[in-house]
Amino acid sequence: MEIKKINLGNQGLVVPLMGLGCMGMTGFEEANMYGEADEQEAIATIHRSLELGGNFLDTADLYGPFKNEQLIANAIAGNRDKYIIATKFGWEIDDNDKVTWAINGKKEYVKKAVERSLKNLNTDYIDLYYLHRLDKSTPIEETIEAMSELVKEGKVGYIGLSEVSSETVKRAHAIHPITAVQSEYSLFERTVEERGVLDTLQQLEIGFVAYSPLGRGFLSGQIRTIDDLPENDFRRAIPRFQETHFYKNIELVKAIEAMAEERNITSSQLAIAWIISKGILPIPGTKRRKYLEQNLAAAQIELSETDILKLESIVPLGTDTGNPYDEFSMGLID
Ligand SMILES: NC(=O)c1ccc[n+]([C@@H]2O[C@H](COP(=O)([O-])OP(=O)(O)OC[C@H]3O[C@@H](n4cnc5c(N)ncnc54)[C@H](OP(=O)(O)O)[C@@H]3O)[C@@H](O)[C@H]2O)c1
């Protein structure tokens, strides 16, 4: 069945109601994000997403850096216009392609970053361009003015922000209409709800994109012990995947799995269907066709009010599942 299309924000961007997170398809510097990636299977997954109507791809210059955008360029060659591409900038990457770990939202950097992403994606336009993290030392107005110029120049279709507060969204939106905000959101991570960001977005008719909708794979039930994570796996540095939190969280996952089994679906599908039931667009990440197909099938699952209440009684709003990042990265969230 064709996947439904929705308006993301009120500026004219139409996308399938679920995107494909591409981050795990390449490593980061010397490490892997989520285990070994197979380039051919990753490319086949991007092709399959188009066949199934899930052609909204999410990447960033940071992923690799650049390897992820380059892999996408390779996968979509000859079919650019059939895909909707969202990429991000802001983590400063120097001229030797090294991530400096500063956030740079200055005008000159915005201009430099977009040219690099256009080159790496082998395209002349980016459908949705996000500021990956707020540069706390540059007024958001400066960054948005620079991004707005990219829209006028036709290099970017729509603009977005990631992991920002309501206050930042309002200031940004006053300069140029924001189409989407992307932040972490799942049964394990509902901070945007608690901090009123979702309410602000609704008032301003800005779309919301939920990244890590499977809690970085936790909610899939595939990870049972910390040792299931490869040695160089990014998740080992996240408190949510460490010690006490890990073993408390796994009990929640088991209860979610039991509920999914009663309905003959997987816990990943239940976690995705729950997000869609809230009118939110999830971008589950996978590097294999098998999971992509399962995830897109979740778009057809309808949860009743009772299902939602039951699920939210397993993981009530405010449940402490541990921080989603280490201390340094937590400090970069607005
Ligand atoms: N804006 C930001 O700061 C930010 C931060 C993080 C992520 N993102 C974006 O959001 C996207 C999604 O988030 P994410 O990849 O971090 O986390 P996620 O979607 O919550 O989880 C990805 C993990 O779940 C596994 N998985 C996916 N579908 C599955 C299924 N049906 N059954 C079992 N396991 C399944 C994947 O396995 P395989 O990899 O083995 O397929 C991968 O290990 C990323 O790709 C990236 O584009 C943005």
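This text follows the structure it describes.
The rules behind each value
- Residues numbered from 1 in each chain as written.
- Predicted model: local features only at pLDDT ≥ 70, side-chain atom pairs only at ≥ 80, totals over all residues.
- Near = placed C-beta within 6 Å.
- Helix = DSSP H or I, 4+ residues; strand = E, 2+ residues; numbered from the N terminus.
- Nonpolar A, V, L, I, M, F, W, Y, C, P; charged D, E, K, R; others polar.
- Pairing = 2+ DSSP bridges.
- Contact = placed C-beta atoms within 7 Å.
- Axes fitted to C-alpha atoms, helices over the stretch in contact; angles between N-to-C directions.
- Expected span 1.5 Å × (residues − 1).
- Buried ≥ 20, exposed ≤ 12 C-beta atoms within 10 Å, placed from the backbone.
- Arc of directions from axis to C-beta.

Around the ligand there are 30 residues in total, and Gly21, Met23, Leu214, Gly217 and Gly285 lie nearest to it. Top contributing element to the shell around the ligand by residue count: helix α10 (residues 289–297), with 3 residues. Looking at the shell around the ligand, its residues break down into 9 nonpolar, 16 polar and 5 charged.

The next thing to look at is the sheet that holds strand β3 (residues 20–21). Taken in spatial order, the 8 strands make up an open sheet running β3-β4-β5-β8-β9-β10-β11-β12, and their pairing is parallel. The open sheet is flanked by β3 and β12 (281–282), the only strands paired with a single partner. Pairing of strand β4 (residues 56–58) with strand β5 (residues 84–89), which is carried by 3 bridges, proceeds in the parallel orientation. Among the inter-strand pairings, Phe56 is bridged to a residue of β5, identified as Ile84. Packed on one face of the sheet, helix α3 (residues 107–120) meets β5, β8 (126–131) and β9 (156–162) and runs near 140° to β5.

Between its first and last C-alpha, helix α4 (residues 140–152) extends 18 Å over 13 residues, near the 18 Å set by a 1.5 Å rise per residue. Among the residues making up α4, those that are buried are Ile140, Thr143, Ile144, Ala146, Met147 and Leu150. Buried residues of α4 fall within an arc of 160° about the axis and therefore sit on the same side. If you follow the buried residues of α4, they end up packed against α3, β8, β9 and α5 (166–175). A positive backbone phi angle near 80° is found at Gly154, which sits one or two residues after α4.

Since there are 3.6 residues in each turn of an α-helix, residues three or four apart along the chain are aligned in direction. Among the 11 residues that make up helix α9 (residues 267–277), 10 are buried, leaving the element largely enclosed by the rest of the structure. Of the residues making up α9, those classed as buried are Ser267, Ser268, Gln269, Leu270, Ala271, Ile272, Ala273, Trp274, Ile275 and Ile276. Next to the buried residues of α9 lie β11 (207–211), α8 (243–262), β12, α10 and α11 (305–314). Positive phi appears at Gly279, one or two residues downstream of α9, with a value of about 75°.

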